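Survey of secondary and tertiary structure
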Number of protein chains: 2
Amino acid sequence: MSHWESIDGHIATPAGFRAAAVAAGIKKAKGALDLALIVSDAKGTSAAGAFTTNRAAAAPVLLSRHHLALSQGRARAIIVNAGNANAATGRAGLEAAERTTKAVAKLLKVPVEQVLVASTGVIGVPLNVDLISKKLPALHESLPSEDAASVTRAIMTTDTFPKCCVMRAELAGKTVHLAGIAKGAGMIHPRMATMLSFITTDAAIKPRMLQAMLAEVVERSFNRISVDGDTSTNDTVFMLASGASGVPVRPGDRSRSWFVAALSQLCETLAKMIARDGEGAKKLVTLEIAGARSPGDAERVARAIANSPLVKTAIAGSDPNWGRILCAAGYSGARFDPNRVDIRVNDFFLCRKGLDVGFNEAAAKREFDRKELTLHVDLHAGSASTRFWTCDLTHDYITINASYRT
Amino acid sequence: MSHWESIDGHIATPAGFRAAAVAAGIKKAKGALDLALIVSDAKGTSAAGAFTTNRAAAAPVLLSRHHLALSQGRARAIIVNAGNANAATGRAGLEAAERTTKAVAKLLKVPVEQVLVASTGVIGVPLNVDLISKKLPALHESLPSEDAASVTRAIMTTDTFPKCCVMRAELAGKTVHLAGIAKGAGMIHPRMATMLSFITTDAAIKPRMLQAMLAEVVERSFNRISVDGDTSTNDTVFMLASGASGVPVRPGDRSRSWFVAALSQLCETLAKMIARDGEGAKKLVTLEIAGARSPGDAERVARAIANSPLVKTAIAGSDPNWGRILCAAGYSGARFDPNRVDIRVNDFFLCRKGLDVGFNEAAAKREFDRKELTLHVDLHAGSASTRFWTCDLTHDYITINASYRT
């Protein structure tokens, strides 16, 4: 049971997977990759999913959730498009998602419920399925030869860099792989939505366990980032386990914690990439909340700070404005005594027991000038803690989100 | 029992009140008015208050709440300073507030618990009480001659215009007045906080009833606005009723609903002024949420939309982006079917039954170009409704909040 190491690779690096992308004309930019297919060749491939909690969930979310239930956690393919979220599209949208998965199932000769679908892009605009149907045969034919790394680019919308993480370890002389890709959080472009992430592994993991592990890890990675506090209609994480490495991961076994640690590291890495690439963001901010009365209280404080426009603009301006941080904690709903709170940026104390420590302004500003910084908030009200990632709020956020049509 | 009419006036227009302001050197700008005193000469003046729910409530909030309890709803004076919020200042901050109220009580020869105090400005910086003590005698002496209108300016921080509303009506041959002033919501300047509002009337109203009416009205006026979703440490509304008009307002009497209607109009007017004057705001946005399953659901939807940076930047850019509005409703926690939702701006439909109506883009943009616009969201899930006010999110918000020190 070796340590996991990061390696170069792509979503199809784990054994048993193939992936390809193509330009289908869904994105406005001509010739931009916008349709991708991830396929597992292993019959018993396990699948798990985590979805947005938004009540206005998009058609692909509704259909994929349904497919995972029907197949009892088995899937052989993920079909994903960028450029149109197929959200707020009603019955026609659901039919579009159904037609897409049926076409993929026919090409791959697998049951339709073993095809998962995800979309990202404009909300409220009908998805032209013909664009997808027309390109599917070529996409399928290119699977053996295609550069699977292009899939990472195909799912991008206004992301400024591709997000991919691949890991490898040895167990009993066999090599096991874990790979993940993701696209930007926040509803980045007008009418654009969604964070998406797809994860593959060649470990052998039963569906129920895969789902439990994914839910556990998503909760402390992708569910711990915030760009603007807007929960998209399309957020989706899919994970497929082909078993092709011959390495089993079993419940109640050391292999479980070994694998969960790697999956956590992978998801955390992707989540931080998403926060760092938030609309207009210049800084990655890690929040370390400690001393809360309960895990729920720790999370409330983290979310209030992560979503406060005032805290985020202060960070953009390198203003060591700890009063705003304390204020956000104060309205979070968490129970604590403000006169016991300590706040520091990195290792630099700003506030002790709720009071200004009389810090050197220039030195504090230097801490906030870093591209990556950590805000530590100790409530001294209990022993619960949490970690959260966010970014600063800059002029570019407004530009990106207000001037799309003008 | 006549209709209420708007008149010119100030916070001391109701009979029995006097008010004055002075420059005490608390604000950075030299010579700026920053200390104000509102006094009632009537011994039995009733008082009521509504305060921030922030757990890190500022010293003046803690002390005023205590005073209102001790005096059983009686007060003779409000002392208020701008430039320093006296928040996150610990025990020393509480002592500063106590010293201030004691000095006022001594000058006016009233019990200390009948003096209320409010502060707005920088958080986390000790309040220099000497600046206040030094100026109190002069402030007191100027009461008979002073222009009470200056009080409205003295409580401003980064507000761009003064906020005042005065009303008058007749009852049984007697004239009764209602006056209110307010300062900006949102934590406008770095380390700046607070919305404050002070209301006076010469109607005769018992303390318990005054408190009940104020709480009822604040809930649907000041508690229905949002600039950036940040709840300040200092938010305070005080109301004083001198009884000097000889017009009584009694429970279970038609005078109650007559007076509540006027108080609602006054508070709504001030609340809308605050939303319109949000940091960097160019537009006043009224949200009309209808068809919710419960009042709580209506409020959840309103708050989610009012606080969504994506909705607010779209409004700034006049982008008829109804998908973001539906999306915010979707993550609000309210129960509804997205396929039944109607959304319009003013009288212009954008979305019916969750689907784009195929509207004319230029015509929709013209609706969003207005300085005042109303977004109607009908969930078609029940019969509860609510109204809420917010503003757009512009580049100037970032400039105001990020560049204070740079």
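Procedures and definitions
- Residues numbered from 1 in each chain as written.
- Chains lettered and ligands numbered in written order.
- Predicted model: local features only at pLDDT ≥ 70, side-chain atom pairs only at ≥ 80, totals over all residues.
- Helix = DSSP H or I, 4+ residues; strand = E, 2+ residues; numbered from the N terminus.
- Rg over C-alpha atoms; globule rule 2.2 N^0.38 Å.
- Buried ≥ 20, exposed ≤ 12 C-beta atoms within 10 Å, placed from the backbone.
- Expected span 1.5 Å × (residues − 1).
- Contact = placed C-beta atoms within 7 Å.
- Nonpolar A, V, L, I, M, F, W, Y, C, P; charged D, E, K, R; others polar.
- Axes fitted to C-alpha atoms, helices over the stretch in contact; angles between N-to-C directions.
- Parallel < 35°, antiparallel > 145°, perpendicular 65-115°, else oblique.
- Left-handed = near helix turned anticlockwise from the far one by under 90°.
- Pairing = 2+ DSSP bridges.
- Domains from an automatic or database assignment.
- Least-squares fit on C-alpha atoms with pLDDT ≥ 70 in both.
- pLDDT = per-residue confidence, 0-100.

Some points on the overall build of chain A
Looking only at helices and strands, chain A has 11 helices and 17 strands in total. Since a compact globule built from 406 residues should have a radius of gyration of about 22 Å, the 22 Å found for chain A is in line with a globular shape. Taken over the C-alpha atoms alone, chain A extends approximately 70 × 60 × 35 Å along its principal axes. The buried share of chain A, reckoned over its 406 residues, is 60%.

What about helix α1 (residues 59–70) of chain B?
Residues and elements named next belong to chain B. The first and last C-alpha atoms of α1 sit 16 Å apart over 12 residues, in line with the 16 Å expected at 1.5 Å per residue. Those residues of α1 not exposed but buried are Ala-59, Pro-60, Val-61, Leu-63, Ser-64, His-67 and Leu-68. Packing partners of the buried residues in α1 comprise β4 (46–51), α2 (90–108), β6 (115–122) and β11 (236–241). In the segment just after α1, Gln-72 is the residue with positive phi, at about 55°.

As for the interface of chain A and chain B
One widely used convention gives an interface's size as the accessible area the parts lose upon coming together. Each side of the interface is counted separately: chain A has 54 residues, and chain B has 54 residues. Elements represented by at least two residues in the side of chain A that touches chain B include exactly α8 (309–316), α9 (322–331), β15 (355–356) and α11 (395–402) of chain A. Considering each element in turn, the side of chain A that touches chain B owes the most residues, 9 residues, to α9(A). Its residues assigned to classes, the side of chain A that touches chain B shows 24 nonpolar, 22 polar and 8 charged.

Looking at the packing of helix α2 (residues 90–108) of chain A against helix α3 (residues 129–141) of chain A
Residues and elements named next belong to chain A. Packing of α2 against α3 brings their axes to within 10 Å, and their N-to-C directions diverge by 15°. It follows that α2 is roughly parallel to α3 by the angle criterion. Where α2 crosses over α3, the two elements pack in a sense that is right-handed. Contact residues: α2 offers Ala-96, Arg-99, Thr-100, Ala-103, Val-104 and Leu-107, while α3 offers Val-129, Ile-132, Ser-133, Leu-136, Pro-137 and His-140. Broken down by class, the residue content of the contact of α2 with α3 amounts to 8 nonpolar, 3 polar and 1 charged.

A short note on the sheet that holds strand β1 (residues 5–7) of chain A
Residues and elements named next belong to chain A. An order of β1-β7-β8-β9-β11-β4 is seen for the 6 strands of this open sheet, with the pairing classed as mixed. The outermost strands of the open sheet, each flanked by one partner alone, are β1 and β4 (46–51). Strand after strand, the sheet turns through a mean of 20° between neighbouring axes, direction not considered. The sheet strands contacting helix α5 (residues 207–219) are β4 and β11 (236–241), and the helix crosses β4 at an angle near 30°.

What to know about the domain arrangement of chain A
Domains assigned within chain A are domain 1 (5–273) and domain 2 (284–402). Just the C-alpha atoms count here: the centres of domain 1 of chain A and domain 2 of chain A sit 33 Å apart.

Here we look at the pairing of strand β13 (residues 342–345) of chain A
Residue and element names in this part refer to chain A. Residues Asp-342 and Arg-344 line one face of β13 and the alternating positions Ile-343 and Val-345 line the opposite face, and both faces are buried. In terms of strand pairing, β13 meets strand β16 (residues 372–378) through 4 bridges, oriented antiparallel. Within β16, the residue paired with Val-345 across the bridge is Leu-375. Pairing geometry for β13 and strand β14 (residues 348–352), over 3 bridges, is antiparallel. By the bridge assignment for β14, Arg-344 is matched with Phe-349.

Concerning the relation of the copies chain A and chain B
Here chain A sits on chain B after a turn of 180° about the axis and a move of 0.0 Å along it, with an RMSD of 0.1 Å. Both copies of the chain, as the preceding transformation shows, are related through a two-fold rotation axis. Using C-alpha coordinates, one finds that chain A approaches the rotation axis most closely at A:His395, a distance of 2.8 Å. When the interface residues of chain A are mapped onto chain B, 100% of them again lie at the interface, so the same face is used by both copies.

What to know about the packing of α8(A) against α9(A)
Residues and elements named next belong to chain A. For the pair α8 and α9, interaxial distance at closest approach is 9 Å and the crossing angle is 160°. By the angle between their directions, the pair α8 and α9 is classed as roughly antiparallel. For the pair α8 and α9, the sense of crossing is left-handed. Here α8 contributes Leu-310, Val-311 and Ala-314 to the contact with α9, which in turn contributes Arg-324, Ile-325 and Ala-328.

Comments concerning the sheet that holds strand β10 (residues 225–226) of chain B
Residues and elements named next belong to chain B. Across the sheet, 7 strands lie side by side as β10-β17-β12-β16-β13-β14-β15; this open sheet has mixed pairing. Edge strands, defined here as strands with exactly one partner in the open sheet, are β10 and β15 (355–356). Contacts from helix α7 (residues 295–307) reach β10, β12 (284–292), β16 (372–378) and β17 (384–391), with the element oriented near 20° to β17.

Some points on the pairing of strand β3 (residues 35–40) of chain B
Residues and elements named next belong to chain B. The buried count for β3 comes to 6 of 6 residues, which makes it a mostly enclosed element. When strand β2 (residues 17–22) meets β3, the two strands line up antiparallel, connected through 6 bridges. Its bridge partner being in β3, Ala-19 is matched across the sheet by Ile-38. Bridge count between β3 and strand β5 (residues 77–84): 5 bridges; the pairing is antiparallel. Paired with Leu-35 across the two strands is Asn-81, which belongs to β5.

Some remarks on the environment of A:Ala75
Residue and element names in this part refer to chain A. Mapped onto the elements of the fold, Ala-75 is located in the loop between α1 (59–70) and β5 (77–84). Considered as a pair, Ala-75 and Lys-43 are 32 residues apart in the sequence and their alpha carbons are 8.7 Å apart. Here Ala-75 is in contact with Thr-45, Ala-47, Gln-114, Val-115, Leu-116 and Leu-240, once residues within four sequence places are set aside.

What about α9(A)?
All names here are of chain A. In terms of burial, α9 is a largely internal element, 10 of the 10 residues being buried. Every buried residue belonging to α9 is among Trp-322, Gly-323, Arg-324, Ile-325, Leu-326, Cys-327, Ala-328, Ala-329, Gly-330 and Tyr-331, and all of these are buried. On the buried face of α9, the contacting elements are α7 (295–307), α8, β13, β14 and β16. At the exit of α9 stands Gly-333, carrying a positive phi of roughly 95°.

As for the environment of B:Lys135
Residues and elements named next belong to chain B. Secondary-structure assignment places Lys-135 in helix α3 (residues 129–141). Residues Lys-135 and Ser-221, 86 residues apart in the sequence, show an inter-C-alpha distance of 34 Å. Those residues in contact with Lys-135, other than ones at most four positions away along the chain, are Val-22, Ala-24 and Leu-35.

Here we look at the environment of A:Val345
Residues and elements named next belong to chain A. One can find Val-345 in strand β13. Note: C-alpha distance between Val-345 and Leu-375 (30 residues apart in sequence) is 4.6 Å. Ignoring any residue separated from it by four or fewer positions in sequence, one finds Val-345 in contact with Pro-320, Leu-350, Ala-364, Glu-367, Phe-368, Leu-373 and Leu-375.

Observations regarding the confidence of the model for chain A
All names here are of chain A. Put simply, chain A has an average pLDDT of 90, and 96% of its residues get 70 or more. Note on residues 187–193: pLDDT under 50 across the span, and 37 contacts to partners over four residues away in sequence or across chains. Scoring the predicted complex yields pTM 0.82 and, for the interface, ipTM 0.78.

Describing unusual backbone geometry
Positive phi outside glycine occurs at A:His380, with the angle close to 50°. Among the secondary structure elements, A:His380 is positioned in the loop between β16 and β17 (384–391). Residues other than glycine seldom take positive phi values, yet B:Ala88 does so here, at roughly 55°. Mapped onto the elements of the fold, B:Ala88 is located in the loop between β5 and α2. Given 30 C-beta atoms within a 10 Å radius, B:Ala88 is considered buried.

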